[in-house]
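Descriptive structure summary
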Amino acid sequence: MVIATINPTTGAVEREYAPHTPEQVEQILARADAANAVLRRTTFAERAAWMRRAAELLDADLEQAAALASTEMGKTLGTAKYEVTKSANGMRWYADHAEEYLAAEEPVPAASVGASAARVVYQPIGTVLAVMPWNYPYWQVIRFAAPALMAGNTGLLKHASSVPQTALYLGELFERAGFPAGAFQTLLIEGAAASALIQDRRIRAVTLTGSVGAGAAVAEAAGRNIKKSVLELGGTDAFVVLPSADVAKSAEAGAASRTQNSGQSCICAKRFYVHDDVYEEWFALFLERMRATTAGDPFDAATGFGPMATEQVRADAHELVADAIAKGATVHTGGELPDGPGWFYPATVLTDVTPEMRIFREECFGPVACVYRVSSLEEAVELANDSEFGLAASVWTTDAAEIDRLQDELEFGAVFANGNSASFFGLPFGGVKDSGYGRELGAFGIREFVNIKTAWTA
């Protein structure tokens, strides 16, 4: 197994790490278990002070942390800085709101349940194992770590093997900020070892963001060991454009969504359903924007998007494109592997995509757009819902009744009207169907990994 920083811009190996030995893993587990006894007895105010300090440290490390993300997975330096800053602000959000989210409640009058007092309280459950992906190497981790730690849980991070330096940085951040030793640690282990680790009695829950296959393996291990799990497994997100939409704005937004993070984002638009009445105008603007957004050095401010994160990810995306082309899809731009070093891939636009093509069903994790012409809202809904995934959708119309229908009828965890799909600190994030289950962020996210306890007094 290789745990290494392989620069996707050059393909060169920059740093290599030996996986943690079984003895080291045991030491990390023991530290986490010991930290549980300490952390659960701390107050929200104490944890909030440490969390704010961690956010300050991350802010202070902005340049270094962002450069690390650009080097390890290829995102542009500007978007890396945005991610680091968002992560720090997410930490502050939970420092400010965790106590409110987990405040004891009196859901019914005590007398109605034959009691003098009846409350619901939220208490930490112990160590939560997080299996996280490389595409947002800070934000994906922080949106688990901040609520877990603020709830009084300890955390173990099994990060993607391609971002070990980021993983190690995050593994030290919270202890630097004052959290008890062992409250948050990084494990350098392979994926199979993470699934096996779920069997350990000291792991009380697991959260994963990744592929359907990885999610199924983790869910199986968690279920077999009667442990809570939360899964976010990506999606083939829909983007619907109806006749009353702002055509220029929606075309620009669609191209930005598809090329964001080199197309390596679970909630970026991938399937575009555009109404006949505006199709020609919209498609021309969209195609122009996609052609103008080019891949390049992530440290160059003029770059539209950087290389893809790994050689395998690029190969997987190109395989889907090649399969579609071989079966009759029309390529309007892109679709070819470029020469030269690094794992670059051009912005690609396909039409005439049919169900026989793998890309019709499978998630393409790259800057590849599939555009479809539709004749009605009803057809758009039917096609958008005809997917094994259901994470997020973006719909474009100025008709309030259409927005209501689309947000009601589309089978996704979130439906954004006249804006691109995104994650927000105060709103739940997650999907349905093969996109997973459970929620991150907001009050829902912090309540996933707590003991929701009834306290009844006669």
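Here is a short report on the structure shown in this document. This structure is a prediction, so every number in the text was calculated from the model and none was measured. (Residues numbered from 1 in each chain as written. Predicted model: local features only at pLDDT ≥ 70, side-chain atom pairs only at ≥ 80, totals over all residues. Heavy atoms only, no water.)

**Let's talk about the sheet that holds strand E9 (residues 237-241)**
Overall, mixed pairing links the 7 strands, which are arranged E11-E12-E13-E10-E9-E15-E16 in an open sheet. The strands lining the two open edges of the sheet, one partner per strand, are strand E11 (330-333) and strand E16 (414-417). Neighbour to neighbour, the strand axes of the sheet diverge by 25° on average, direction disregarded. The pairing of strand E12 (residues 348-351) with strand E13 (residues 368-374) spans 3 bridges and is parallel. By the bridge assignment, Leu350 is partnered in E13 with Cys370. Its contacts with the sheet put helix H10 (residues 276-292) on E9, strand E10 (269-275), E11, E12 and E13, and the angle it makes with E13 is roughly 170°. (Pairing = 2+ DSSP bridges. Helix = DSSP H or I, 4+ residues; strand = E, 2+ residues; numbered from the N terminus. Axes fitted to C-alpha atoms, helices over the stretch in contact; angles between N-to-C directions. Contact = heavy atoms within 4.5 Å.)

**A few points about empty space enclosed by the protein**
Enumeration over the complete set of coordinates arrives at 4 cavities of 30 Å³ or more. Lining the largest cavity are 13 residues, and of these Arg143, Phe144, Pro147, Gly445 and Phe449 lie nearest its centre. Mapped onto the lining of the largest cavity, the elements with two or more residues apiece are helix H5 (139-150) and helix H14 (442-446). At 4 residues, the largest contribution of residues to the lining of the largest cavity is made by H5. Residue composition of the lining of the largest cavity, by class: 7 nonpolar, 2 polar and 4 charged. Thr236, Arg258, Lys270, Arg271, Ile359, Phe360, Glu362, Glu363, Cys364, Val368, Cys370 and Tyr372 together form the lining of the second largest cavity. Among the elements of the structure, E10 and E13 are those that each provide at least two residues to the lining of the second largest cavity. (1 Å grid on protein atoms, 1.4 Å probe; cavity = no way out; pocket = protein on both sides within 12 Å on 5 of 7 lines; lining within 4 Å. Points joined across faces, edges and corners; volume = space filled by probe spheres on them. Nonpolar A, V, L, I, M, F, W, Y, C, P; charged D, E, K, R; others polar.)

**Considering the environment of Ala48**
As for its position among the elements, Ala48 is in helix H2 (residues 44-60). Among the residues examined, Ala48 registers a relative accessible area of 5% and is labelled buried. In this structure the C-alpha to C-alpha distance between Ala48 and Met91, which are 43 residues apart in sequence, comes to 9.0 Å. Residue contacts for Ala48: discarding those within four places in its chain leaves Ala95 and Met150. (Buried < 20%, exposed > 50% of the residue type's maximum accessible area, 1.4 Å probe, protein only.)

**Considerations on the packing of helix H3 (residues 62-73) against helix H4 (residues 77-101)**
The contact between H3 and H4 brings their axes to 8 Å, and the two run at 125°. As the angle between them shows, H3 and H4 are arranged oblique. Read as a crossing pair, H3 and H4 show a hand that is right-handed. Judged by residue contacts, Leu62, Glu63, Ala65, Ala66, Ala67, Ala69 and Ser70 of H3 engage Leu77, Ala80, Lys81, Val84 and Thr85 from H4. Residue classes in the contact of H3 with H4 are distributed as 8 nonpolar, 2 polar and 2 charged. (Parallel < 35°, antiparallel > 145°, perpendicular 65-115°, else oblique. Left-handed = near helix turned anticlockwise from the far one by under 90°.)

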